[in-house]
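In case you want the letters, here they are:
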Amino acid sequence: MEKGKVDVLLGLQWGDEGKGKVVDVLTPRYDVVARFQGGPNAGHTLEFEGEKYVLRSVPSGIFQGGKVNIIGNGVVLAPDLFMDEAKALEQSGHELKSRLHISKKAHLIMPTHRVLDAAYEAQKGKNKVGTTGKGIGPTYTDKVSRNGLRVGDILENFPEKYAAAKARHEAILKSLNFDYDITEVEKKWLEGIEYLRQFPIVDSEHEINGYLRQGKSVLCEGAQGTMLDVDFGSYPFVTSSNTICAGACTGLGIGPNKIGEVYGIMKAYCTRVGAGPFPTELFDETGKRIRDLGHEYGAVTGRERRCGWIDLVALRYSIMVNGVTQLIMMKSDVLDGFDTIKACVAYKQNGQLIDYFPYNIEDGIEPVYEELPGWKTDMTKFTSEDQFPKEFCDYISFLEKQLETPIKIISIGPDREQTIVRK
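Residues numbered from 1 in each chain as written. Predicted model: local features only at pLDDT ≥ 70, side-chain atom pairs only at ≥ 80, totals over all residues. Heavy atoms only, no water.

1. Here's the deal with the overall build of the protein chain
And step 1. When its secondary structure is counted, the protein chain shows eleven helices and 20 strands.
And step 2. Across its three principal axes, the protein chain shows a C-alpha extent of roughly 65 × 50 × 40 Å.
And step 3. Looking at the protein chain alone, contacts between residues at least 24 apart form 77% of all its contacts between residues at least 6 apart.
And step 4. In the form shown here, the protein chain has an accessible surface area of approximately 17,600 Å², with 49% of it arising from carbon and sulfur atoms.
And step 5. Each charge sign in the protein chain was given a centre, from 52 positive and 59 negative side chains, and these centres are 3 Å apart. (Helix = DSSP H or I, 4+ residues; strand = E, 2+ residues; numbered from the N terminus. Contact = heavy atoms within 4.5 Å. Areas by Shrake-Rupley, 256 points an atom, 1.4 Å probe, with all protein chains shown as cover. Lys, Arg positive; Asp, Glu negative; His and termini not counted. Charge placed at Lys NZ, Arg CZ, Asp CG, Glu CD.)

Take a look at the structure:
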């Protein structure tokens, strides 16, 4: 990896691909880890040395000592939830305050944003998007409509700025006839604001570009997944930010010419949380088996994830819009016991065979599968790719040919050690 370059790591499916673990594994190669979008609706789970951690806003590079971690301007931050997360990490022995820097331009999720989230979802009835209810969408809405409150605002005349933004939300909620009480939440939220002041609050775009001029290396960490991108995902069942590689430029203030490697993370199968189209979803015992073996429950919400076979049509699309240079395949071990593995290579829509991701995937999409023999081998203790069974090697080769991109890292379990870097 070339010094003075930025590498980007992001999910290629509907989120939950295992980004947190991979950031943790890759961090030793970098000087800086920076989160570029999303909020506490993302849950990155890491396991090592017998401990399990779930990160929501803190970058996943925080466990590798001495590295600078940055929460970028593209992130939306809930001070109360951030405080809980950071204090829990500090109690478990991970010092944060000197090496976790927060962008002045990151937007704040207010208590009333969460109420607005609930009010808007209630209004949609059966057309609910299935948000996490964390206030993400309304916060990004305020950002785009130029009404947002930012981290830098806490440094000057904050009470007045907060009161004005809150009054604006209260007027909207009154017009929606939505009952709520934020007394306790607001009290803790204001404590979170005071806690935030203890961290370096920085002009992150200047800081990151300064590191690059010094020849330092930066790993950009995305949240959610490409198919949840507000522009390129399965709209309207998407998140409210740009989860793709371009989001690293706008979410951190770096030029596209600085980007080197783009690591695309995928599971050996596919999952989705919440509502929205999912062409390869399985409603049978196979889907339930994948969910149970893969412990497919949301890290933040605990919701059951919908499970299905790998979708190569959607993956080719994701690789294209991100400019992915190398792939990382997670949870290969979940498929260890299956006789047959299926992979969707095309769609049938209205009787037509299509090999691209269409504008509308809600109606009449039928996956076209190729079947491959399973490897029927417990790979969780393997330490080298030389131990892989032939059938698994064939599966990797099939995917690489279909996706025209090399698979460089393979995960065979949740622990940091259960990671095989291919030659």
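2. As for helix α3 (residues 111-124)
And step 1. The first and last C-alpha atoms of α3 sit 21 Å apart over 14 residues, in line with the 20 Å expected at 1.5 Å per residue.
And step 2. Along α3, the residues that are buried comprise P111, T112, H113, R114, V115, L116, D117, A119 and E121.
And step 3. Tucked inside the fold, the buried residues of α3 contact α2 (79-91), β8 (107-108), α4 (136-144), α5 (158-175) and α6 (183-196). (Expected span 1.5 Å × (residues − 1). Buried < 20%, exposed > 50% of the residue type's maximum accessible area, 1.4 Å probe, protein only.)

3. Quick word on the packing of aromatic side chains
And step 1. Counted by the stated rule, this structure contains 13 aromatic pairs.
And step 2. Ring centres of F158 and W189 lie 6.2 Å apart, and the angle between their planes is 25 degrees; this geometry places the pair in the stacked category. You can see F158 sitting in helix α5 and its partner W189 sitting in helix α6, a full 31 residues away along the chain.
And step 3. Of the residues examined, F158 reaches a relative accessible area of 6% and is grouped as buried.
And step 4. Grouping aromatic residues by their ring pairs yields a cluster made of W375, F382, F388, F392 and Y395.
And step 5. Taking the ring centre of F338 as reference, the NZ or CZ of R289 above it sits at 4.0 Å.
And step 6. For K342, the ring lying beneath its charged end belongs to Y369, and the centroid distance is 5.5 Å. (Phe/Tyr/Trp six-rings, centres within 6.5 Å; stacked < 30°, edge-to-face > 60°. Lys NZ or Arg CZ within 6 Å of the ring centre and 35° of its normal.)

4. So, the sheet that holds strand β10 (residues 218-221)
And step 1. In spatial order, the strands read β9-β7-β5-β2-β10-β1-β11-β15-β19-β20; together these ten strands make up an open sheet with mixed pairing. Of all the strands in the sheet, just β9 (201-202) and β20 (419-421) have a single pairing partner and so form its edges.
And step 2. Relative to β20, strand β19 (residues 407-411) runs antiparallel, the two sharing three bridges. Bridging across to β20, S411 finds its partner in T419. (Pairing = 2+ DSSP bridges.)

5. Quick notes on the pattern of salt bridges
And step 1. Considering all chains together, one arrives at 24 salt bridges under this definition.
And step 2. The shortest N-O distance in the salt bridge between D80 and R114 comes to 2.7 Å. One end of the pair, D80, is in helix α2; the other, R114, is in helix α3, and 34 residues separate them in sequence.
And step 3. A residue is classified by how much of its surface remains accessible, and R114, at 16% relative accessible area, is buried. (Salt bridge = Lys/Arg side-chain N within 4 Å of Asp/Glu carboxyl O.)

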